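Listed below, chain by chain, are the residues.
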Amino acid sequence: MPARSRYPAEELPFVSDSDQSAQKKGEKKRDIAFVEIVRFVMRRWLEHPAFLTRTLMGIALATIADVATPVLSGRLVTDISSHTGGAPHDASQLALRNDALLMVGGLIALGLVGLLGRRSSYLGITHLSLAIMQRALSQGFARVQRFSTDWHANNFAGSTVRKLTRGMWAIDTLDDTLLLLIAPEVLVLTGTTLVLAWHSPFMGAVLALSVVLFTWLSVVLTLRYVAPSARAANRWDTKVGAAIADAVTCNAVVKAFGAEHREERRLGRVLRAWSNRTLRTWIRGTNSANLQGFASLVMRMLLVALIVWQWWQGKAGPGDVAYVLTMVFLVQGYLRDLGQQVSQVQRSVNEMEELVAIFDEAPGVQDRKGAKKAAFTQGRVRFEKVTFQYPGQDTPLYQDLDVTISPGSRVALVGPSGSGKTTFTKLIQRLYDTSEGRVLIDDVNVRDVTQDSLRARIAIVPQEPMLFHRSLAENIAYARPGATQAEIERAARLANASAFIERLPEGYATLVGERGVKLSGGERQRVAIARAFLADAPLLIFDEATSSLDSESEVLVQDAMHRLMAGRTVIVVAHRLSTVMELDRILVFSKGKLMEDGAHGELVQREGGIYRRLFELQSLEG
Ligand code: ADP
């Protein structure tokens, strides 16, 4: 028997994808309405008027050609059947023959018009859909990139990719269904109903009423009955993507614990949940189609009964009955197609929901209107009465925090884990906005400058440097696009990275693997330092690695760091006190409060001080 999980699929930890974690905090996400999604697409149609006109004109031409063809064929049959094959100089026979020839010509012309119309509509919609898909995806990506750090922490990369790409393809299907299928059908149905009404106003009215009722029934069934369950199925489809991405990203951990089977069982549980939701959706789809079929049968029977009743009353002849029966069957065919297409629209709309939700989501920290470029050169940092609370936390982390870091000084942030050291550096970069108070750099509020220019003036060497799966040269030059090879190599030399890079078979062109997995921790750190050299920013934030490097790497990193610190304002998030001792000033945090502030020599002397206690503890360990 397979080992059972502690978690039923619903409670699997990774199910805490954005919507769920938001619900936990009591801010339930709203469902995006069907109409909103259709409007989202239609607004985009209007952004490409030329392609839209070409598509619509094409559809109109092809539909007119289709509707006119039976009329011309009918007249051709009448001409032929009226022709008795008399002498060619007989005027009436000649007229009939000429008319028949005209009809044949007309039919050929209509065939060609239909072909051209369809070609124009297909070409139009191809350009239209591609332009919209391309824009929707790039705008979605741009929004995702700017979402808050929290959003990214709460959303799996795998699900985000799935939401974006599935939504993009759903636009294609939705465009095709609405424009190429539903639009011509509505035209033909309207035309046919009008023709019937012309023949018999009463029957026309009955047909019009039944078409409206049938369409209403299809829409209600689809939106109220099928769509909610399709929405749930799609959420699970996203979770399947997330589960696969999570396991694949952490493949090294899976391997290390020989946990392949465990991950497969885990995916199996998500797939079962997905399959249950999808089965329910498909069954509801079938039920809905059957109900529509039944409604259509009732409608047909009603119309047949009506015309037979009229015949009974002597108000309709056999010709009328034949005509109405033909119309009823024709219209029924269209309605069946329309019902299926309404379901297709619903499926595409559901698939677009999560993409549209990305457009609906509040953006992260935003630039103020008229924000200027940050141009600070000294790197004086000032926290003025800063109160800050993380979204979802009950109490503020900082309350009225006042700190000034003078330009050119080297400051360490020290304190137990969770005391607010990293948050301090996040507020400087304006990854979050303060609830109250101001963060100033060179006396300019970080809210008054653009985020990209602000962050370009701050060089970061993170705890766990992340690299792109691109060449080493590209990774280093990320800090300064357009840097020359010589500049890149100089930065690498200063960061003590050149030796190991030059030993690699492809040198600076070596691809480093996803997130830089092909390099050791110390090497990744030196690449990050090289980036910081190229950034050449007046303010440097160094988040010290918690995991200790081997002694040789440690020496190389320390040496490069010293070189990097020269002439800049430096803030070090320190995890080992050995680094701290030589810095100018130490800020000791505890639970978001600044408890001690001074140089090492001063703080170790302080009786009962936190720093002194930490220092003694580390000396014991050391
Ligand atoms: P340190 O760097 O000193 O270890 P942090 O500044 O990262 O501490 O975190 C300070 C406190 O804020 C911790 O209690 C942590 O749990 C909380 N915290 C950090 N990031 C977030 C977040 N994104 N959302 C909610 N709480 C957070």
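This one's a predicted model, so the numbers in the text were calculated from it and none came from an experiment. (Residues numbered from 1 in each chain as written. Predicted model: local features only at pLDDT ≥ 70, side-chain atom pairs only at ≥ 80, totals over all residues. Heavy atoms only, no water.)

The subject of this paragraph is the pairing of strand 1 (residues 381-388). Judged from the five bridges that link them, strand 1 and strand 2 (residues 398-405) form a sheet pairing that is antiparallel. Across the sheet, Arg382 pairs through a bridge with Thr404, a residue of strand 2. (Pairing = 2+ DSSP bridges. Helix = DSSP H or I, 4+ residues; strand = E, 2+ residues; numbered from the N terminus.)

Entries for the protein chain in the domain assignment read domain 1 (32-360), domain 2 (376-457 + 540-548 + 567-622) and domain 3 (464-536). Computed over C-alpha atoms only, the centres of domain 1 and domain 3 are separated by 52 Å. (Domains from an automatic or database assignment.)

The next point concerns the confidence of the model for the protein chain. Taken residue by residue, the protein chain gives an average pLDDT of 85. The fraction at 70 or more is 92%. Below a pLDDT of 50 lies the segment residues 1-28, which in the model reaches 47 contacts outside its immediate sequence neighbourhood of four places, other chains included. (pLDDT = per-residue confidence, 0-100. Contact = heavy atoms within 4.5 Å.)

Bringing the sheet that holds strand 1 into the picture now. An order of 2-1-4-5 is seen for the four strands of this open sheet, with the pairing classed as antiparallel. The sheet terminates laterally at strand 2 and strand 5 (444-445), the two strands that pair on one side only. In this sheet, strand 5 lies alongside strand 4 (residues 436-441) in antiparallel orientation, the contact comprising two bridges. Looking at strand 5, one finds that Leu440 is bridged to Asn445. In the packing of helix 11 (residues 421-428) onto the sheet, contacts are made with strand 1, strand 2 and strand 4, and the angle to strand 1 comes to roughly 110 degrees. (Axes fitted to C-alpha atoms, helices over the stretch in contact; angles between N-to-C directions.)

Before going further, it helps to spend a moment on the packing of helix 3 (residues 49-82) against helix 6 (residues 157-199). Where helix 3 meets helix 6, the closest approach of the two axes is 10 Å, and the angle between their N-to-C directions is 45 degrees. Looking at the two axes, helix 3 sits oblique to helix 6. The hand of the helix 3/helix 6 crossing is right-handed. Within the contact between the two elements, helix 3 uses Thr55, Leu56, Ile59, Thr63 and Val67 and helix 6 uses Leu179, Leu180, Pro184, Leu187 and Val188. Residues that form the contact of helix 3 with helix 6 fall into these classes: eight nonpolar, two polar and no charged. (Parallel < 35°, antiparallel > 145°, perpendicular 65-115°, else oblique. Left-handed = near helix turned anticlockwise from the far one by under 90°. Nonpolar A, V, L, I, M, F, W, Y, C, P; charged D, E, K, R; others polar.)

Here the focus is the side chain of Asp442. Summarising the element assignment, Asp442 is placed in the loop between strand 4 and strand 5. Although Asp442 lies buried, it forms no salt bridge, and the closest oppositely charged side chain, Arg380, sits 4.6 Å away as judged by the N-O distance. Of note is the side chain of Asp442, whose polar atom sits 2.8 Å from the backbone nitrogen of Arg380. Sequence-distant contacts of Asp442, defined by excluding residues within four places in its chain, comprise Phe376, Thr377, Gln378, Gly379 and Arg380. (Buried < 20%, exposed > 50% of the residue type's maximum accessible area, 1.4 Å probe, protein only. Lys, Arg positive; Asp, Glu negative; His and termini not counted. Salt bridge = Lys/Arg side-chain N within 4 Å of Asp/Glu carboxyl O. Polar contact = N/O pair within 3.5 Å; in protein donor to acceptor, adjacent residues only side chain to side chain.)

The next subject is the environment of His600. By the secondary structure assignment, His600 is in helix 19 (residues 600-603). By relative accessible area, which is 13% here, His600 ends up buried. Between the C-alpha atoms of His600 and Leu472, which are 128 residues apart in sequence, the distance is 38 Å. Apart from residues no more than four positions distant in its own chain, His600 is found in contact with Met581, Ile586, Tyr611 and Phe615. At 2.7 Å, the side chain of His600 forms a polar contact with the side chain of Tyr611.

Moving on: the site of the ligand. Taken together, 13 residues surround the ligand, and among them Asp150, Gln393, Gly418, Thr422 and Thr423 come closest. Taking Gly420, its main chain carries an N or O atom lying 3.0 Å from an oxygen atom of the ligand. Within the complex, the protein chains bury 69% of what would otherwise be the 560 Å² of accessible surface of the ligand. Element by element, the count of residues in the shell around the ligand is highest for helix 11, at three residues. Of the residues contributing to the shell around the ligand, the split by class is four nonpolar, seven polar and two charged. (Near = heavy atom within 4 Å. Areas by Shrake-Rupley, 256 points an atom, 1.4 Å probe, with all protein chains shown as cover.)

Mapped onto this numbering, the UniProt entry annotates "transmembrane region" (unreviewed entry) at residues 51-72, 100-117, 178-199, 205-226 and 289-309. In this annotation, residues 178-199 is assigned 100% helix and 0% strand; the end-to-end C-alpha distance for the span is 30 Å. Between the C-alpha atoms that bound residues 289-309 there is a distance of 30 Å. The span itself is 100% helix and 0% strand. (UniProt positions renumbered as here; feature names shortened; annotations may be inferred.)

Before going further, it helps to examine helix 10 (residues 318-360). Owing to its 3.6 residues per turn, the α-helix aligns residues three or four sequence positions apart on the same side. In a regular helix each residue adds 1.5 Å, so 43 residues correspond to 63 Å; helix 10 covers 59 Å between its end C-alpha atoms and thus fits that length. Of all the bends in helix 10, the greatest measures close to 40 degrees and is centred on Glu353. (Expected span 1.5 Å × (residues − 1). Bend = angle between axes of the 7 residues up to and from the residue.)

Before going further, it helps to spend a moment on the nonpolar core. Across soluble globular proteins, nonpolar side chains have a tendency to be buried as a group. With 50 residues, the main nonpolar core has Trp45, Leu335 and Met352 as its most contacted residues. Those elements giving two or more residues to this core turn out to be helix 2 (34-46), helix 3, helix 4 (91-146), helix 6, helix 7 (201-249), helix 9 (260-312) and helix 10. Not counting the four nearest positions on each side in its chain, Met352 is found in contact with Ile37, Phe40, Val41, Gly167, Ala170, Ile171 and Leu174. If you look at the next biggest cluster of nonpolar residues, it comprises 47 residues, including Ala459, Leu467, Ile488 and Ile610. (Core = buried A, V, L, I, M, F, W, Y, C linked by side-chain atoms within 4.5 Å.)

This paragraph deals with empty space enclosed by the protein. Under the counting rule described, the total for this entry stands at one cavity of 30 Å³ or more. Of the voids in this model, the largest cavity is the one considered here, and its volume is about 130 Å³. With six residues, helix 17 (residues 551-565) is the largest single contributor of residues to the lining of the largest cavity. Broken down by class, the residue content of the lining of the largest cavity amounts to seven nonpolar, four polar and four charged. (1 Å grid on protein atoms, 1.4 Å probe; cavity = no way out; pocket = protein on both sides within 12 Å on 5 of 7 lines; lining within 4 Å. Points joined across faces, edges and corners; volume = space filled by probe spheres on them.)

This brings us to the packing of aromatic side chains. The final tally for this structure, using the stated rule, is 10 aromatic pairs. Relative to Phe589, the ring of Tyr398 lies with its centre 6.2 Å away and its plane at 45 degrees, an arrangement referred to as tilted. Remark: Phe589 occurs in strand 9 (residues 585-590) and Tyr398 occurs in strand 2; sequence separation between them is 191 residues. Residue classification places Phe589 among the buried positions, given a relative accessible area of 0%. An angle of 40 degrees between the planes, with centres 4.6 Å apart, marks the rings of Phe468 and Tyr478 as tilted. With Phe468 in the loop between strand 6 (458-461) and helix 13 (472-477) and Tyr478 in the loop between helix 13 and helix 14 (485-494), the pair connects residues that are 10 residues apart, well separated along the chain. On the basis of relative accessible area, Phe468 is assigned to the partly exposed category, the value being 30%. Through successive ring pairs, a cluster of aromatic residues spans Phe383, Tyr398, Phe424 and Phe589. Here Lys239 stacks its cationic end above the ring of Trp236, 4.5 Å away from the centre of that ring. (Phe/Tyr/Trp six-rings, centres within 6.5 Å; stacked < 30°, edge-to-face > 60°. Lys NZ or Arg CZ within 6 Å of the ring centre and 35° of its normal.)

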